[in-house]
Amino acid sequence: MKGTDAIGEAAIQAGCRCYFGYPITPQNEVPEYMSRRMDEVGGVFLQGESEIASINMVLGAAASGVRAMTSSSSPGISLKQEGLSFIASLELPAVIVNINRGGPGLGNIAPSQGDYYQATRGGGHGDYRMPVYAPASVQELYDITMKAFDIADMYRTPVMILGDGMMGQIVEPIVMHKRADIELPPKDYILNGAEGRPSRIVKSLILDVRLMEEHNWKLKRKYDLMRNELPMHEEFMLDDARMVVVAYGTAARIAKGAVKRVRSDGLKVGLLRPITLWPFPDQAFANLSKKAKLILVFEMSTGQMIDDVRLATQGRIECEFYGRPGGVVAAPQEIARIIERHWLQRELS
Amino acid sequence: MKKVYSRPASLKQAPFHYCPGCGHSIIHRLVAELIDEMSLRGKAICIPPAGCAVLAYNYFDIDVCESAHGRGCAVATGFKRAQPDRFVFTYQGDGDMAAIGTAETIHAANRGELITSIFVNNAVYGMTGGQMAPTTMLGQKTTTSPYGRRPKIEGYPLLITNLIAQLNGAAYVVRTSLATPAKIMATKKALKKAFEIQLEGLGYTLVEVLSPCPTNWKMTPVEAFRYLEERMEKEYPLGVFKDITKD
């Protein structure tokens, strides 16, 4: 199954019944898939007049109590930031897919990881956070998209799935399974007409600064809970590793290929792949064995996640960076050469 | 003694914060009366704007969802598509409707979204302190058009209601005024018709209400109501611009 189709089918299986979006490459297969499937399952597919309109339609559907999502790519995600800030403050559940392309500006339509900061630092205005997942296979795209709707409902938060053009276009066999039956909080906030109950308000305007501060701390407590409960990562050949490559998404797939190559030459190198980019899997770095002497962060950007790696390691392990921004996709051989050079330079053998 | 006048049940027991002579209080009351009379409270969802009427949720005793500036029609679309059997209306000012939200407004109308927009036109940005609005009239002075609106510099007032009447998705498009008690009653009639057309599922409905803003017009309420009738109604002619139940 193709990555974009896996996202769409997982959303349908998760019970998403409202999709709103605007065409932008390289994610057009998501709305195309949804336009077919929503009709079959009696859901709503609507192509908005802009990304701004689409995210606000998601807001309205989410406040109606219906599982809702949108998808876009980098410049379109920039346009959605206002709406994301509102959805975060209103504490509404929503799933947002960003198939990251080369930037800044109009950039290009090649796979990139230049939107890490925007995704993990809120992106929109105000003091909010949002869970961000970075799948690295079609199976994971499927599993995480399904999970994202539960996380969104559980914490009443927007959730972002950050992929890139490569993740969207790749075709792999997957196992489709049913959604895990988990208990979710009742949707006692939805607006559906005040029939037999007091009227409800969904709002983020809080003019009293004390009450606004209270709202901010309430959100913060929720984010602390997420920091404890949500971090996910994958470890590959870390047990005896003297050097740890850190990469996510497509870059992690490339890095894994490189690690396998250098392992065959006897280099003790492993891979740590963050799956949640926010909250960042800090604990995985704290748990690294004392054998690990060097971290090499590889990103398809000029270096963004490396900030979080440095925060997570707190200077205990030296960090190096290698990046290919702007839509360039490095081959495993290239990363293997970089690994080898650092290995020899540091006398890690 | 027979009670002849009381607060509509759909209005909360809260004093309006609006300035003396402001039209919002009148329009709020008309809407609340209709929600009572048409038994809509149990299915109504209101989307107020960013602007003076953002605080509508303090007054309407119905479900209310705030939206970002200009995004009312998109948020309303989300609600209505998710719950087609509900009654959904936006309440928007001129900046919301005809400047920052022009795209959302026109496309919702063109799709024939089954929502009603109540568009309160007072020709200025009220909440932010009287800046030039898309509907500010030629020659009208505001805090950002201190020499009066000049067509070569600030461009022309946008008659968005007339524009929307051209769209196939629009079912009922009307402009009314609050200038006199008779016109206020005509406004209520227009709102009622718009609500009925939405409930019948015939298309997008829009009621533009010309409304005074004495504070930012720098007038007394009496002067403002006179200005509304003598000046604004000339620039913004009242009337039904589209009614598919008649055409």
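Residues numbered from 1 in each chain as written. Chains lettered and ligands numbered in written order. Predicted model: local features only at pLDDT ≥ 70, side-chain atom pairs only at ≥ 80, totals over all residues. Heavy atoms only, no water.

### Let's talk about the side chain of B:Glu104
Threshold: Numbering of helices and strands starts at the N terminus; helices are DSSP runs of H or I of at least 4 residues and strands are runs of E of at least 2. Each residue is placed in one exposure class: buried if its accessible area under a 1.4 Å probe, protein chains only, is under 20% of its type's maximum, exposed if it is over 50%, and partly exposed if it falls in between. For the purposes of these results, a polar contact is taken to be a pair of N or O atoms within 3.5 Å, where, inside protein, one atom must be able to donate a hydrogen and its partner to accept one; residues adjacent in sequence count only when each atom of the pair is a side-chain atom. Any two residues whose heavy atoms approach within 4.5 Å at even a single point are treated as in contact.
Its place among the elements puts B:Glu104 in helix H4 (residues 102-110). When its relative accessible area of 3% is taken as the criterion, B:Glu104 is described as buried. A distance of 3.2 Å separates polar atoms of two side chains, one belonging to B:Glu104 and the other to B:Arg71. Excluding anything up to four places from it in sequence, B:Glu104 contacts A:Glu49, A:Ile52, A:Ala53, B:Gly70, B:Arg71, B:Cys73 and B:Ala74.

### Observations concerning the sheet that holds strand E11 (residues 276-278) of chain A
Adjacent strands of a sheet pair through backbone hydrogen bonds, lying either parallel or antiparallel. Residues and elements named next belong to chain A. We apply this condition: Should DSSP find at least two bridges between two strands, the strands are regarded as paired. Between N-to-C directions, angles cover 0 to 180 degrees, with each direction set by a line fitted to C-alpha atoms, over the stretch in contact for helices.
Here 7 strands make up an open sheet; going across it, the order is E2-E1-E3-E4-E6-E5-E11 and the pairing mixed. Two strands close off the open sheet at either side, each with one partner strand: strand E2 (44-47) and E11. As defined by bridge partners, strand E3 (residues 68-72) adjoins strand E4 (residues 94-100) across 4 bridges and the pair is classed as parallel. Of the residues in E4, the one forming a bridge with Thr70 is Ile96. Strand contacts of helix H6 (residues 138-155): E3, E4, strand E5 (132-133) and strand E6 (158-164), with the helix running at about 165 degrees to E6, the strand carrying the most contacts.

### A few points about the sheet that holds strand E10 (residues 269-274) of chain A
All names here are of chain A. Overall, mixed pairing links the 5 strands, which are arranged E8-E10-E9-E12-E13 in an open sheet. Two strands bound the open sheet, and with one partner strand each, they are strand E8 (233-236) and strand E13 (318-323). Each strand axis lies, on average, 20 degrees off the axis of its neighbour in the sheet, ignoring direction. Summarising the sheet, strand E9 (residues 243-246) and E10 pair through 4 bridges and their orientation is parallel. By the bridge assignment for E10, Val246 is matched with Leu272. This element, helix H11 (residues 305-313), spans E9, E10, strand E12 (294-299) and E13 of the sheet and lies at about 155 degrees to E12.

### Observations concerning the pattern of salt bridges
Charged atoms that come close allow side chains of opposite charge to pair. Residue and element names in this part refer to chain A. Test applied: Definition used for salt bridges: Asp or Glu carboxyl oxygen within 4 Å of a side-chain nitrogen of Lys or Arg.
The final tally for this structure, using the stated rule, is 39 salt bridges over all chains. In this structure, the salt-bridge partner of Arg37 is Glu40, at a minimum N-O distance of 2.7 Å. Linking Arg37 with Glu40, this pair stays in helix H2 (residues 29-41), spanning 3 residues, or about one helical turn. Residues Lys220 and Asp224 are paired through a salt bridge, measuring 2.9 Å at the closest nitrogen-oxygen approach. Taken together, the residues Lys220 and Asp224, both in helix H8 (residues 209-229) and 4 residues apart, mark about one turn of the helix. The exposure class assigned to Lys220 is partly exposed, which follows from its relative accessible area of 35%. On the basis of relative accessible area, Asp224 is assigned to the partly exposed category, the value being 29%. Each of Arg67, Asp150, Asp153, Arg179 and Lys187 takes part in one network of salt bridges that share partners.

### Some thoughts on the packing of aromatic side chains
We count it as follows: Within 6.5 Å between ring centres, the rings of Phe, Tyr and Trp (the latter by its six-membered ring) count as paired, and their orientation is classed by plane angle as stacked under 30 degrees, edge-to-face over 60, tilted in between.
This model, assessed by the stated rule, comprises 13 aromatic pairs over all chains. With centroids separated by 5.5 Å and ring planes inclined at 15 degrees, the aromatic side chains of A:Phe280 and A:Phe285 adopt a geometry described as stacked. With 5.6 Å between their ring centres and 50 degrees between their planes, B:Tyr18 and B:Tyr59 make a pair best called tilted. Linking B:Tyr18 in the segment before helix H1 (24-37) with B:Tyr59 in the loop between strand E1 (44-47) and strand E2 (63-65), this pair joins segments that are 41 residues apart in sequence.

### Regarding the interface of chain B and chain A
Applied cut-off: Buried area adds together the accessible area that both of two parts lose upon being put together, with accessible area traced by a 1.4 Å probe.
The interface is formed by 32 residues belonging to chain B together with 32 residues belonging to chain A. Of the roughly 2600 Å² buried between chain B and chain A on both sides combined, carbon and sulfur atoms contribute 59%. At the junction of chain B with chain A, the criterion picks out 3 salt bridges. Counting residues per element, the side of chain B that touches chain A draws most heavily on helix H2 (residues 72-82) of chain B, at 7 residues. Relative to E2(B), strand E7 (residues 201-202) of chain A runs parallel, the two sharing 2 bridges. Residue pairing for E2(B): A:Val202 is matched across the bridge by B:Cys65.

### As for helix H12 (residues 332-345) of chain A
Residues and elements named next belong to chain A. Applied cut-off: Multiplying 1.5 Å by the helix residue count minus one yields the expected span of that helix.
With 14 residues, H12 should cover 20 Å at 1.5 Å per step; its first-to-last C-alpha distance of 20 Å lies within 8% of that length. Every buried residue of H12 is accounted for by Glu334, Ile335, Ala336, Ile338, Ile339, His342 and Trp343. Count one or two residues on from H12 and you reach Glu347, which has phi positive near 50 degrees.

### A short note on H6(A)
The periodicity of an α-helix, 3.6 residues per turn, causes residues three or four positions apart to be oriented the same way. Residues and elements named next belong to chain A. Taking 1.5 Å of rise per residue, the 18 residues of H6 would be expected to cover 26 Å, and the 25 Å separating its terminal C-alpha atoms lies within 8% of that figure. Counting buried residues along H6, 14 of its 18 residues qualify, which places the element largely inside the surrounding structure. Count one or two residues on from H6 and you reach Arg156, which has phi positive near 50 degrees.

### Quick word on unusual backbone geometry
Residue and element names in this part refer to chain A. Cis rather than trans, the peptide bond between Thr25 and Pro26 has omega equal to 5 degrees. In this fold, Pro26 is placed in the loop between strand E1 (18-21) and H2. Here the amide bond leading from Gly103 into Pro104 is cis, since omega sits at 5 degrees, within 30 degrees of zero. Here Pro104 lies in the loop between E4 and helix H5 (116-120). Non-glycine residue Arg156 carries a positive phi angle of around 50 degrees. Relative to the helices and strands, Arg156 resides in the loop between H6 and E6. Taking relative accessible area as the criterion, Arg156 reaches 25% and is therefore assigned partly exposed.

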